[in-house]
Amino acid sequence: MKELLPLLPRPSRYLGNEWGTVRKDPASLRVRAALAFPDLYEVGMSYLGQKILTQAVNEREGMQAERVYAPCQETAAILREHNAKLATMETDTPLTQMDAVAFSLTHELCYTNILYMLDLAQIPLRAAERLAAKEDGGDWPLIMAGGGACFDPEPIAEYMDLLVLGDGEVALPEILEAVAAARQAGTPKAELLRQLTALPGVYVPSLFAWDGPDQPLRPLLPGYERVRKALVPDIADAPFPTSPAVPFGQAIHDRYTLELARGCTRGCRFCHAGMVYRPVREKSPERLDVQLVEAISATGFEEVSMLSLSTGDYSALEALFETTFSRCAAEQVTISLPSLRVGSLSERIMGRMASIRRTGVTLAPEAGSQRLRDVINKGVTEEALIEHVRTLFEHGWQQVKLYFMIGLPTETDEDLDAIADLCVKVRDAAGRHVKRLQVTAAVSPFVPKTHTPFQWAGQIGMDEIRRRVYRIKDALRPHKRITLKFHQPEMSYLEGVFSRGDRRLGPVIESAYRKGALFSSWRDHLRLEPYLEALAEHGLTPEEYQAPRDPGAPLPWDHLDCGVSKDFLRTELGRALAGKLTEDCRYGACRNCGVCGHEGRVSRLAGQGGGDDIRPRLVFARRDQEEAASLASETPAEQAERKAAAAAETASLVAEDAERKLDLSERQAQYRIWYEKLNEAAYLSQLELQSILERALRRARFPLSFSAGFHPMPRISFGRALPVGVESMAEWFTLTLREKLAPEFVLDTLAAQMPDGLMPIRIEPMGVTERSKQPVRERFLVRYTGESEDVSRWLGHWAELLRKDTCVVERKSKNGPKPTDVRKLLAEAVLEGQNGVRLTFDWSNEYMSPVNLVRAVNEPISPLAAHLIKVGQEFPAG
């Protein structure tokens, strides 16, 4: 794939030499695995699971994990045109040459993308077809998958050699150890798969037979009747990346993610993750602080996300903030807290967050009425929600997003009207002092998920989804400053087919893929028609998968055990229909869901890596930020005093932050730093380069000078943007620091923090107020490759151009085609060797991309045939 980079759109997606990547000596490796994410680079690089797996594999001797992402469809067409196989990013190794390919399945709408990637890799799609050897006599790589969607993988069962249920960081390295041993011993794949069934969490679909709808799967291997998930009992000791690969392109979530805890036992009855990732396992603030310090130093990220299924429920959040807040603020690193529950943040934490940056905040009441919130066991009252947003507004927040679901079991039109009513009450809680108030209601259709109390519920159809959305929309129409956004109905409709699917859907997925269904989780790519046509061709309808299920009948996923028993789920379904709440078992009574094995109980997962010591692991017995008990008895005077103290602390923090940002001009220093941009770094855009450089400067721990304003940025300015794909030995940028440092120290320290291909080579001190000038001339060396006659013709074009007085070509501009006299832009052309020419371009009056200029003069010519490298610049005198 790397040879085709000049042809590929957004080539930085395929470079694989980001800061933090791991490369090992091939001679030292026993096994190599490709960690495959079935979506674009910018989505996959946001996924923490892949980073954890990379760390777990690469920290073992003799193992290497490399990455591969789904290329865009334009890139796929180029690969097929040149008969190039999909390859790993780090070493450009075709997937056919890897020992294993492990897909991350985060949702059901990525299934066709799995076939797309296997197809591009020229690997047979079905597991049965891969049992035979390749043409060269070797084995096909072991194709596996893990992730949340693997708790009902039956729709893709025929395509997978195996799947992993549960915590992959404990399972994947052991699987690869077995693969390495099997390769050395010459063990056939079928025997290897039987051996792997002894490992926790390993599901081999070919060892279970399916006899048709409404029939349980029949085990074919004695003693292998049920697959129990793999579990890390204490995640504090599990592998975790503190120096992950830092993305080149703009990842969807472009920040460092710190996992505070895993699992949630709030017991929301619609929530798949809350059931399958039990029990709750927290890391200590001390452990998190060590990981955070290492990560900031190693990556240079400017934002840290503190992540768990319910971050506000982390029992030591107050203590963690005390430890980390000042350090992050001092280094201009912002903190984000996703997955917040209503009432889960103390006023003190809100105040500290407000002193860094107040963006929007997202809360998830899920339902508008208290009745329906009790049905789903949300545990949130309207009073608590209003008080929470009122406090947010008092601390300066102005944008609130509220998440709701429609189509929940027992929902009525009155519950829909309650969504609109609640949005209005949230808006009105702001008061007149909030000038830029915006409340957004985000509505998504309910999709029943496996291993939840609502796995037996039905799903409403698209017409009913639209009716309910429009009812809410009409109710909100008269109200200003409230915006309604809703999830694409077609997407939820399709998700409901595959989320509780069976093996009949396997051929449907391939048919839909052949009809062009790809990237179906992207709004602008989703097409329902290929799926509906494929279902009809195989005699199926969406409605039979979206209909309610009989709680007493077998389910296609009954043989896959997440630890939560079916009896517990039935009991919770009954409590839902009765409107009864079930308290959080980490702080209340145990409800015997089946996961834990302590206090005399036997876990359904006993023997799966945790023995009988499977239990919640909390830092504190109660949340340290919980203020409800003390606030309930406050007098109005005490409440006013507390709020005044919190406001004073926030004001103090804001003042301290402003003082930190204050630059003393007499201590500042400015430098022009020259650098090379060679090899694969040539395919980085100017925007990507800016992010790379900022993070390198942060890793170097220079005293950066920041801009003023809401979003301070390091004071860096670049020269003219170099076209993507062009190398350079003469690029530069200017850097302003708060303190004067020795130029040689700046150059050497920065060089140690730059990715491959980006190398600082020279530094020039500048006046603090001196402005950078752009070059009037630039010199390039062009090397041609191809047939000798073509090369001679292309070189001759430059001599012809020099003999002309004028040569006008049309080039694209923002305002349409623009005539340009390229003869006036060419100052000099000198042949070098048999295939090269040195060109000097004059930009005194007009600039044109040197790539476009070369192509215009040599037209027609392939991007693969001309290689440009900038070798010098000339600045105006004075």
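The notes below deal with the structure included here.

Calculation notes
- Residues numbered from 1 in each chain as written.
- Predicted model: local features only at pLDDT ≥ 70, side-chain atom pairs only at ≥ 80, totals over all residues.
- Heavy atoms only, no water.
- Helix = DSSP H or I, 4+ residues; strand = E, 2+ residues; numbered from the N terminus.
- Buried < 20%, exposed > 50% of the residue type's maximum accessible area, 1.4 Å probe, protein only.
- Polar contact = N/O pair within 3.5 Å; in protein donor to acceptor, adjacent residues only side chain to side chain.
- Contact = heavy atoms within 4.5 Å.
- 1 Å grid on protein atoms, 1.4 Å probe; cavity = no way out; pocket = protein on both sides within 12 Å on 5 of 7 lines; lining within 4 Å.
- Points joined across faces, edges and corners; volume = space filled by probe spheres on them.
- Nonpolar A, V, L, I, M, F, W, Y, C, P; charged D, E, K, R; others polar.
- Axes fitted to C-alpha atoms, helices over the stretch in contact; angles between N-to-C directions.
- Parallel < 35°, antiparallel > 145°, perpendicular 65-115°, else oblique.
- Left-handed = near helix turned anticlockwise from the far one by under 90°.
- Phe/Tyr/Trp six-rings, centres within 6.5 Å; stacked < 30°, edge-to-face > 60°.
- Lys NZ or Arg CZ within 6 Å of the ring centre and 35° of its normal.
- Pairing = 2+ DSSP bridges.

What to know about the side chain of His 451
Step number 1: Of note, His 451 is situated in the loop between strand 17 (438-445) and helix 14 (462-476).
Step number 2: Note on His 451: relative accessible area 5%, which makes it buried.
Step number 3: Within the local environment of His 451, its side chain forms a polar contact with the backbone oxygen of Phe 151, the two atoms lying 3.1 Å apart.
Step number 4: Beyond its immediate chain neighbours, meaning those up to four positions away, His 451 contacts Phe 151, Met 275, Val 276, Trp 557, Leu 560, Cys 562 and Leu 569.

Here's the deal with empty space enclosed by the protein
Step number 1: Scanning all chains against the criterion turns up seven cavities of 30 Å³ or more.
Step number 2: Roughly 80 Å³ of internal volume is contained in the largest cavity.
Step number 3: Along the walls of the largest cavity sit Met 1, Lys 2, Arg 13, Tyr 14, Val 68, Tyr 69, Leu 86, Ala 87, Thr 88, Met 89 and Asp 92, which together make up its complete lining.
Step number 4: Partitioned by chemical class, the residues of the lining of the largest cavity number seven nonpolar, one polar and three charged.

Observations concerning the packing of helix 2 (residues 48-58) against helix 5 (residues 168-185)
Step number 1: The N-to-C vectors of helix 2 and helix 5 enclose an angle of 45 degrees; their axes lie 9 Å apart at closest approach. With respect to each other, helix 2 and helix 5 are oriented oblique. The handedness of the crossing between helix 2 and helix 5 is right-handed. Between helix 2 and helix 5, the residues in contact are Ile 52, Leu 53, Ala 56 and Val 57 and Gly 168, Glu 169, Leu 172, Pro 173 and Leu 176, respectively.
Step number 2: Class assignment for the residues of the contact of helix 2 with helix 5 results in seven nonpolar, one polar and one charged.

Some words on the packing of aromatic side chains
Step number 1: With the rule as written, the count across this model stands at 18 aromatic pairs.
Step number 2: Here the aromatic rings of Phe 37 and Tyr 47 are separated by 5.4 Å at their centres, their planes lie at 45 degrees, and the arrangement is tilted. Here Phe 37, found in strand 1 (residues 31-37), pairs with Tyr 47, found in the loop between helix 1 (41-44) and helix 2; they are ten residues apart in sequence, far enough to count as distant.
Step number 3: Assessed through its relative accessible area of 5%, Phe 37 is described here as buried.
Step number 4: Among the aromatic residues, those joined into a cluster by ring pairs are Phe 780, Phe 841, Trp 843 and Tyr 847.
Step number 5: Between Lys 283 and the ring centre of Phe 240, over which it is positioned, the NZ or CZ distance is 3.7 Å.
Step number 6: Above the ring of Phe 875, the side-chain terminus of Arg 672 is found at 5.1 Å from the ring centroid.

Quick notes on the sheet that holds strand 14 (residues 334-336)
Step number 1: Pairing is parallel across the open sheet formed by three strands, whose spatial order is 10-13-14. Strand pairing shows two members of the sheet lacking a second neighbour, strand 10 (256-259) and strand 14, which therefore form its edges. Averaged over all adjacent pairs, the angle separating strand axes in this sheet is 25 degrees, with direction ignored.
Step number 2: In this structure, strand 10 lies alongside strand 13 (residues 303-307), joined through four bridges in parallel fashion. Bridge pairing links Leu 258 to Met 306 in strand 13.
Step number 3: Most of the contacts of helix 8 (residues 285-299) go to strand 10, to which it runs at about 165 degrees, and overall it touches strand 10 and strand 13.
Step number 4: The sheet contacts of helix 9 (residues 317-330) involve strand 13 and strand 14, and relative to strand 14 the element is tilted by about 145 degrees.

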